[in-house]
Amino acid sequence: MCKSPSTRVLSACGCERCATRIPNFPKTAAGIASGALPTAPMADRFLRGCKGDAKKAAHVLTDSLCWREEYGADALRDESEPDGAPRAEIIQSYYPTALHTRRDRKGRVVWIERVGLCDPSIASAKRVYQNAAGQWEDGPTAWLRCHVRLNELAGRQHAERVVIMDMQEMNSGHVSSAGIALIKSMIALDQRHYPETLHALLIVNAPWILEKAFAIIRQGMDPVTLGKIKVLGSTTNASVHSELLAHIDVADLPDFLGGELAGCCPIHPRLRAGSAPVDGEATTTIDAGATRVARAALPAAAAELWVRSSAACAVTVDVIVGGAAAVTAASVGPAPQCFPLAAAAAEAEVELRVTSTNRMRSGAIFWTLDGVSEIEWEVE
Ligand SMILES: [Zn+2]
């Protein structure tokens, strides 16, 4: 019986480099010796990634098996790595990304990144996460470990994924040499260790600045991968909308991408930005020099009040909880400010008084009680 190329099994590479390297990785060596490694789906992906060149595929795959043990990729997949989830939580406050709870029309994993709302300082930050061993990881290290973790978690669900990168609110501040270097190392890592897992990469709400960055990033990318990438315009555009719907049912598509599903890939409050409400923020316009007052009954759980203004607007904020001033005349601009509300304030009335300090232009204010959706604000 003739085996089709897709079911052909590769064995480990026998070259000198691999033969010297394998013994440094006892689990990998044992797996190869017992025949458990490489697994058939892995071999298949690497073989396709190397366009059927079995010798090259065996070498690249063997190198990748060693890398997996060195990097601890299996532990990240199994969530047995103690830093997996806590590190991801820290990274979320810089870079909002998630594996969607819904799948594409063929059951593939949908991976969402809200890049335009990320904090680009992650690419050059020195101390981002202190791991279980007590060592500080810099931004790129912690971010890449989270990226590998998502790759592993996605691979456990389906062999392929559709990645949607939302560039909404992206500006020139997002394009730095450190940021581009980080994206390039991510692409290199994906091509090297996760070949043939990308079904499609849809970049939506892409501003012109992205085309400039993409021209740099695309250099050195495999043409097959490039063919899977689509740089699309606004999700309010009918053709972009139907492109997304070709992949994902409207009921499964996140609301911020023009679909019907709320609560996907939430943004850390400090990353909210722009001139539209993000993730259920309350909003109202404010005239130059005017004051707006919003009141609500605080829910039982203590919460943080986050306030920001649109770019054209600067405001001062007073917060009155249960009749007592909790915050007086705090200055707030487009960067979200957090006002923690004491646990004792639960179920009291909270009053937010916002005064425009810009004498020339009206603008918008946005506020939210973190962790609380569905709250009625009375605005006057
Ligand atoms: Zn080799």
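Bear in mind the structure is a predicted one, so any value in this text is a computation, not a measurement.

Calculation notes
Residues numbered from 1 in each chain as written. Predicted model: local features only at pLDDT ≥ 70, side-chain atom pairs only at ≥ 80, totals over all residues. Domains from an automatic or database assignment. Pairing = 2+ DSSP bridges. Helix = DSSP H or I, 4+ residues; strand = E, 2+ residues; numbered from the N terminus. Axes fitted to C-alpha atoms, helices over the stretch in contact; angles between N-to-C directions. Contact = placed C-beta atoms within 7 Å. Parallel < 35°, antiparallel > 145°, perpendicular 65-115°, else oblique. Left-handed = near helix turned anticlockwise from the far one by under 90°. Nonpolar A, V, L, I, M, F, W, Y, C, P; charged D, E, K, R; others polar. Buried ≥ 20, exposed ≤ 12 C-beta atoms within 10 Å, placed from the backbone.

Novice: Can you tell me about the domain arrangement of the chain, naming the residues and giving the values?
Specialist: If you check the domain split of the chain, you get domain 1 (16-71), domain 2 (74-267) and domain 3 (282-379). On a C-alpha basis, the centres of domain 1 and domain 3 stand 56 Å from each other.

Novice: Explain the sheet that holds strand β2 (residues 109-113) to me, and be specific about the residues and the numbers.
Specialist: Sheets are built from strands that pair by backbone hydrogen bonding, the pairs being arranged parallel or antiparallel. Taken in spatial order, the five strands make up an open sheet running β1-β2-β5-β6-β7, and their pairing is mixed. The open sheet has two edge strands with one neighbour each: β1 (97-103) and β7 (229-231). For this sheet, the mean inter-axis angle between neighbouring strands, taken without regard to orientation, is 20°. Summarising the sheet, β1 and β2 pair through four bridges and their orientation is antiparallel. Counted as the bridge partner of Leu-99 is Trp-111 from β2. The strands touched by helix α11 (residues 238-247) within the sheet are β5 (161-166), β6 (198-204) and β7, with β6 carrying the most contacts at an inclination of about 155°.

Novice: Which residues make up the packing of helix α6 (residues 84-92) against helix α7 (residues 139-157), and what values go with them?
Specialist: Each packed pair of helices is defined by two parameters, the angle between the axes and the distance between the axes. Contact pair α6 / α7: the axes reach a minimum separation of 9 Å and the direction vectors enclose 120°. Taken together, α6 and α7 sit at an angle that is classed as oblique. In the crossing of α6 with α7, the sense of the turn from one axis to the other is left-handed. Side by side, α6 and α7 meet where Gly-84, Arg-87, Ala-88, Ile-90 and Ile-91 of the first sit next to Ala-142, Trp-143, Arg-145, Cys-146 and Arg-149 of the second. A breakdown of the residues in the contact of α6 with α7 according to their chemical character gives six nonpolar, one polar and three charged.

Novice: Which residues make up the packing of helix α8 (residues 177-193) against helix α9 (residues 208-217), and what are the values?
Specialist: Where α8 contacts α9, the two axes come as close as 10 Å, and the packing angle between them is 50°. Judged on the interaxial angle alone, α9 and α8 are oblique. Handedness of the α8/α9 crossing: right-handed. In contact with Ile-180, Ile-183 and Lys-184 of α8, α9 contributes Ala-213, Ile-216 and Ile-217. Looking at the contact of α8 with α9 residue by residue, the class counts come to five nonpolar, no polar and one charged.

Novice: Would you mind going over unusual backbone geometry in detail, with residue names and values included?
Specialist: Trans is the prevailing form of peptide bonds, just as negative phi is the prevailing case for residues other than glycine. Across the junction of Leu-37 and Pro-38, the peptide omega takes the value -10°, indicating a cis bond. The backbone phi angle of Ala-329 is positive, close to 50°, even though this residue is not glycine. When you line up the elements, Ala-329 lands in strand β12 (residues 324-332). We classify Ala-329 as exposed; it has 11 C-beta atoms within 10 Å.

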